[in-house]
Amino acid sequence: MILQTARLTLRPLILNDADAYLAIRHHPEVARWVPKPLPGVIERFSASWEERRYAPWGVFRDGKLIGHGGLNYVPEFGETEVLWALHPDAWGKGYATEVARAALDYGFETLGLGLIFAITLPDNLASQAVMKRIGLTYRKRVEYRGFKDVVWFDKSRD
Ligand SMILES: CC(C)(COP(=O)(O)OP(=O)(O)OC[C@H]1O[C@@H](n2cnc3c(N)ncnc32)[C@H](O)[C@@H]1OP(=O)(O)O)[C@@H](O)C(=O)NCCC(=O)NCCS
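Anyway, here's the lowdown on the structure attached to this text. On a predicted model such as this, the values are computed, not experimentally measured, just so you know.

The helix and strand tally for the chain stands at five helices and eight strands. Whereas a compact globule of 158 residues would reach a radius of gyration of roughly 15 Å, the chain reaches 15 Å, a difference of no more than 12%. C-alpha extents for the chain along the principal axes are approximately 40 × 35 × 30 Å. Looking at the chain as a whole, 47% of its 158 residues qualify as buried. Long-range pairs, those at least 24 residues apart, make up 56% of the contacts in the chain with a sequence separation of at least 6.

In structure tokens form, the structure reads like this:
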């Protein structure tokens, strides 16, 4: 499932992307906000593509991997989140918002999801700015995987 946005190519990650992908996930400015991935992350995304027709895409600019973004099923909440993480060199250009808008369209229109949420830590203002730009609304605080104070934004299809 490959999508083209105005400036970016979104395509499922493959094992050949692993080195570039893990370098981004382990970058300190990214790992500060998004836990480092467990081994087998690309295989788990591939399984989710098979099972649900969605998982986070690899985000490519001019053929180069710059991060991930897209839809992810979260069993703890029984709902689908939209997420994003880009290499710091790709911040400040509107790329996360571009990916997130494509992900919402895909989730609501192609997949027919009823609700899409996003969560982050209260001090991750850059991520909350993306949530607001794509039309998600702040609803509540939740506990998630040991983090006691996580902000929850969401949007329904209607
Ligand atoms: C969260 C994250 C993806 C946000 O990235 P970002 O670059 O701030 O967000 P966007 O892609 O929406 O870009 C918006 C910025 O690009 C600017 N911009 C420049 N050119 C633009 C264009 N053509 N179109 C839109 N915006 C543009 C906007 O003005 C805005 O700048 P500002 O933050 O100074 O107001 C990034 O900070 C990140 O990867 N952080 C680490 C991982 C993380 O926290 N993930 C989320 C966990 S919940």
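This part takes up the site of the ligand. Around the ligand there are 21 residues in total, and Trp84, Leu86, Gly92, Ala96 and Thr97 lie nearest to it. Contact between the ligand and arginine 7: a nitrogen atom at 3.5 Å from a side-chain N or O atom of the residue. The contact in question runs from a nitrogen atom of the ligand to an N or O atom on the backbone of tryptophan 84, over 2.8 Å. Coverage of the ligand by the protein chains reaches 65% of its 950 Å² of free accessible surface. Put simply, the parts of the chain that give the shell around the ligand at least two residues each are strand S5 (79–86), helix H4 (95–110), strand S6 (115–120) and helix H5 (125–133).

Let's shift gears to unusual backbone geometry. The backbone of aspartate 62 sits at a positive phi, close to 50 degrees, despite the residue not being glycine. When you line up the elements, aspartate 62 lands in the loop between strand S3 (56–61) and strand S4 (64–74). The class for aspartate 62 is exposed, based on a relative accessible area of 71%. Residue arginine 145 is not a glycine yet carries a positive backbone phi of 45 degrees. For arginine 145, the location among the structural elements is in the loop between strand S7 (137–144) and strand S8 (147–156).

Taking strand neighbours across the sheet as the criterion, the eight strands line up as S1-S2-S3-S4-S5-S6-S8-S7 in an open arrangement whose pairing is mixed. Because the sheet does not close on itself, it has two edges, and the strands there are strand S1 (3–4) and S7. Where S6 and S8 come together, six bridges link them in antiparallel fashion. Bridging across to S8, alanine 118 finds its partner in phenylalanine 153.

What counts and what doesn't
- Residues numbered from 1 in each chain as written.
- Predicted model: local features only at pLDDT ≥ 70, side-chain atom pairs only at ≥ 80, totals over all residues.
- Heavy atoms only, no water.
- Helix = DSSP H or I, 4+ residues; strand = E, 2+ residues; numbered from the N terminus.
- Rg over C-alpha atoms; globule rule 2.2 N^0.38 Å.
- Buried < 20%, exposed > 50% of the residue type's maximum accessible area, 1.4 Å probe, protein only.
- Contact = heavy atoms within 4.5 Å.
- Near = heavy atom within 4 Å.
- Polar contact = N/O pair within 3.5 Å; in protein donor to acceptor, adjacent residues only side chain to side chain.
- Areas by Shrake-Rupley, 256 points an atom, 1.4 Å probe, with all protein chains shown as cover.
- Pairing = 2+ DSSP bridges.

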